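# Remarks on the overall topology
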Amino acid sequence: MGLPTLEFSDSFLDSPEFRDRLQCHEIELERTNRFIKDLIKDGNMLVSALRSLSLAVQRFSQSLQEFQFECIGDAETDDEISIAQSLKEFSQLLSTMEEERKRLIQNADDVLISPLERFRKEQIGAVKEGKKQFDKETERYYSVLEKHLSLSSKKKESQLHEADSQMSKDRQVFYDASLQYVFKIQEVQERKKFEFVEPLLAFLQGLFTFYHEGYELASEFEPYKQQLQFNLQNARKNFESTRAEVERLMKRIRSAEEDFKAPSCFTMEGYLYIQEKRPLGSVWTRYYCTYEKSSKVFTMSNTEARPASRQNGLVNGTPEMFKLRSCVRRKTESIDKRFCFDIEVVERHGVITLQALCEANRRLWMEAMDGKEPIQKFFFTAFLNKAGFNFVKKCIELVETRGITTLGLYRIGGVNSKVQRLMTSVFGKKHPAFHCTMLFTCLGGIYSSRTIKYDNQKYRVRAIHALVHKLPEKNRAMLDILTNHLLMVSSHSDQNLMTVSNLGMIFGPTLMRSQEETVAAMMNIKFQNIVVEIIIENHHKVRSQIHTYADTQTHTYTHLTEMCVPVRYLVRPQTCRCRYLSLHPLGRLLGGTRPSVCRLERGRPVSTLRLSAWQTTTVSLSAADSSFILDAKALYSCEAEHSHELSFPQGALFSNVYPSVEPGWFQATYNGRTGLIPENYITYK
């Protein structure tokens, strides 16, 4: 219910109803006054919170601006450069937003706090002053009226006439105060409709301007965000590929023999304990020692200096350098320490007795120093002869004929033992029984090369072209065969999902494998992937003046030469990382002993599975055509989840088994009913 209307005529009557209506207006104005005071208080808190938020965001933006990404390696990919620059882009975006927020905060006092405070003090305050004046005049008027009415009628006429005149003046003053008060109350009640709401609207308009600025910045930021998401996706792919290689290297080194030697610019390096003679005996002090065989320079750095000589965890002091003269193993019976050997140097008289960390470590040191127990090195050899070329061509021909549209081609790994038997049968002049999955694995691990990195794309193509033409003729011819095949595979990427980028990620670590497997080498896999992508994309440019070569003469390269193909790289275990586990009919012949991980939902992505844990059936080329039908036996029981699937117990016998169009499922007949069965629940009779 609204406020009652105040009529000016009621001011002359000054009735109780008029006073009640006047009191309603007074109560409403007092409530408005309290609300405005609370609103101003909350507004100040809001501005303070916005100011604190702005300072926090500015500090956050400054932190982003100051941080610098450092990537592993001496060069960065385009993706890494974009990701490193992204923090500064984020900082710039936040700074721009905070500039707009500062304007909002600065205007908040002018457009919200000050107008509300001014309305409360000037308008509502004026009403309060009017009320005080009205109450004062009311009290005076009624007091004078009582005195006037108490005058005796016996007084002179002139005195009564003067009293009446004075009473009229007092009544007019009272009426004026009442009318002015009523006018002011109604004026403020009307003013608050706009003078109270306008500041709030102005403040909200500032907020909307701030949010609109954010929307505009977000729209401008959208293309960069999409590009950054693409860079991040590439970085994640490179990380997953690199991590798998680094983890494999870590496991290999962990299981390696104790005499494993990491690559280094020194012939030998590591910790040794050196016997130092003192007046009251001798002590054994730990030194970090290095030896360079060509110059015979032996250096040792004391790592047991006093704490005062250490700064930031580093030991100060200049390493001692000597020129080695001889190295002799120390006999066990001549000293009470194990793993000892003596060296003679040009700069000192007598011998220096050293203690290695173990027997294998002592053998390595003595072999490096031409002691009496050198370590014999063995080298692997591999061949690029006519048989090798023919084998690769036949593999490629079979893949292009039957498996070119296979989903996830070359991401599918075959069982290592099967691949080895295949390689043995081919190069052992036996008739091979080919299997598509094993062929993918063989082709995925049979090449080796090197290249360099450039920032400009044209320079990259030219540099790679120059390096390719420096390869030995047979290696160059083999590279031509492979890249031509990979180009054809990528042309069917709409079916097999093997884009040039995916092929580069698979063949990069294989074609450009480092001679020494280190973490630093693994970090360069991302560049290897890019180089292989360029070779595939620019195959016709890179292959110019390349001719296929295959003769009967055998070419041999040792493991330590630049263009070697180590035997241990010809076949290496593969991991299936395909987006969808979908194999060619020849590659779907999988049985196994792990039903908990083998049952796949059709058409959905699956996690990484190691196919080497499954048994693979090998089918000869003569029988493995697209229309072959087999009989099978169930390894496990299965309950159908859909009407077009078959339920069967363990040991059930199936007939008319052949691959279905659904990845991971076979079509089969059981008990007179035909339906789908999971391919890894069965084995073949």
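Residues numbered from 1 in each chain as written. Predicted model: local features only at pLDDT ≥ 70, side-chain atom pairs only at ≥ 80, totals over all residues. Heavy atoms only, no water.

## A few points about the sheet that holds strand β13 (residues 630-634)
- Spatially, five strands are ordered β16-β15-β14-β13-β17 in an open sheet, and the strand pairing comes out antiparallel. Every interior strand has two partners, whereas the edge strands, β16 (673-678) and β17 (682-684), have only one. Direction aside, the axes of adjacent strands within the sheet are offset by 45° on average.
- Sheet topology places β13 next to strand β14 (residues 653-659); three bridges connect them, and they run antiparallel. Bridged to K633 within β14 is L653. (Pairing = 2+ DSSP bridges. Helix = DSSP H or I, 4+ residues; strand = E, 2+ residues; numbered from the N terminus. Axes fitted to C-alpha atoms, helices over the stretch in contact; angles between N-to-C directions.)

## Comments concerning the environment of E28
- Checked against the element boundaries, E28 lands in helix α2 (residues 16-66).
- Along the primary structure E28 and Q189 are separated by 161 residues, whereas in three dimensions their C-alpha atoms are 8.8 Å apart.
- The contact partners of E28, leaving out residues within four places of it in the chain, are L3, Q189 and K192. (Contact = heavy atoms within 4.5 Å.)

## Here's the deal with the sheet that holds strand β7 (residues 340-345)
- Ordered by their spatial adjacency, six strands build a closed barrel running β1-β2-β3-β6-β7-β8, and the pairing between neighbours is antiparallel. Each strand axis lies, on average, 50° off the axis of its neighbour in the sheet, ignoring direction.
- Where β7 and strand β8 (residues 352-355) come together, four bridges link them in antiparallel fashion. Looking at β8, one finds that D342 is bridged to T353.

## Overview of helix α7 (residues 386-403)
- With 18 residues, α7 should cover 26 Å at 1.5 Å per step; its first-to-last C-alpha distance of 25 Å lies within 8% of that length.
- Among the residues of α7, those classed as buried are G388, F389, F391, V392, C395, I396, L398, V399 and G403. (Expected span 1.5 Å × (residues − 1). Buried < 20%, exposed > 50% of the residue type's maximum accessible area, 1.4 Å probe, protein only.)

## Considering the confidence of the model for the protein chain
- Taken over all residues, the pLDDT of the protein chain has a mean of 75, while the share at 70 or more is 74%.
- Across residues 429-453, where pLDDT falls below 50, the model places 100 contacts with residues more than four positions away in sequence or in other chains.
- Counting interchain partners and residues more than four positions distant, the pLDDT-below-50 stretch residues 546-627 has 214 contacts. (pLDDT = per-residue confidence, 0-100.)

## A short note on helix α13 (residues 500-511)
- Most of α13 is tucked away: eleven of the twelve residues are buried.
- Along α13, the positions that sit buried rather than exposed are V500, N502, L503, G504, M505, I506, F507, G508, P509, T510 and L511.

## Thoughts on a nonpolar patch on the surface
- A contiguous nonpolar surface patch, about 330 Å² in accessible area, is contributed by L204, F208 and Y211.
- Following the sequence through the fold, Y211 ends up in helix α5 (residues 197-254). (Patch = residues over 30% accessible without salt bridge, like charges linked within 9 Å, V, L, I, M, F, W, Y side chains within 5 Å. Areas by Shrake-Rupley, 256 points an atom, 1.4 Å probe, with all protein chains shown as cover. Salt bridge = Lys/Arg side-chain N within 4 Å of Asp/Glu carboxyl O.)

## A look at the nonpolar core
- Residues L22, I36 and I185 are the most contacted members of the largest nonpolar core, which totals 33 residues.
- Those elements giving two or more residues to this core turn out to be α2, α3 (78-149), α4 (157-195) and α5.
- Sorting elements by how many residues they give to this core places α3 first, with 13 residues.
- Leave out the neighbours within four places in its chain, and I185 touches L6, L22, H25, E26, L29 and V127.
- Residues V399, V468, L503 and F507 belong to the second largest nonpolar core, which totals 25 residues. (Core = buried A, V, L, I, M, F, W, Y, C linked by side-chain atoms within 4.5 Å.)

## Quick notes on the packing of aromatic side chains
- Under the counting rule described, the total for this entry stands at 19 aromatic pairs.
- Plain terms: the ring middles of F134 and Y181 are 5.2 Å apart, the flat faces sit at 20° to each other, and that makes the pair stacked. With F134 in helix α3 and Y181 in helix α4, this pair connects stretches of sequence that are 47 residues apart. Each member of the pair, F134 as well as Y181, carries the same accessibility label: buried.
- Centroid distance Y410 to F507: 5.2 Å. Interplanar angle 75°. Geometry classified as edge-to-face. Linking Y410 in the loop between α7 and α8 (416-427) with F507 in helix α13, this pair joins segments that are 97 residues apart in sequence.
- Classification of Y410 as buried rests on a relative accessible area of 3%.
- By relative accessible area, F507 is classed as buried at 0%. (Phe/Tyr/Trp six-rings, centres within 6.5 Å; stacked < 30°, edge-to-face > 60°.)

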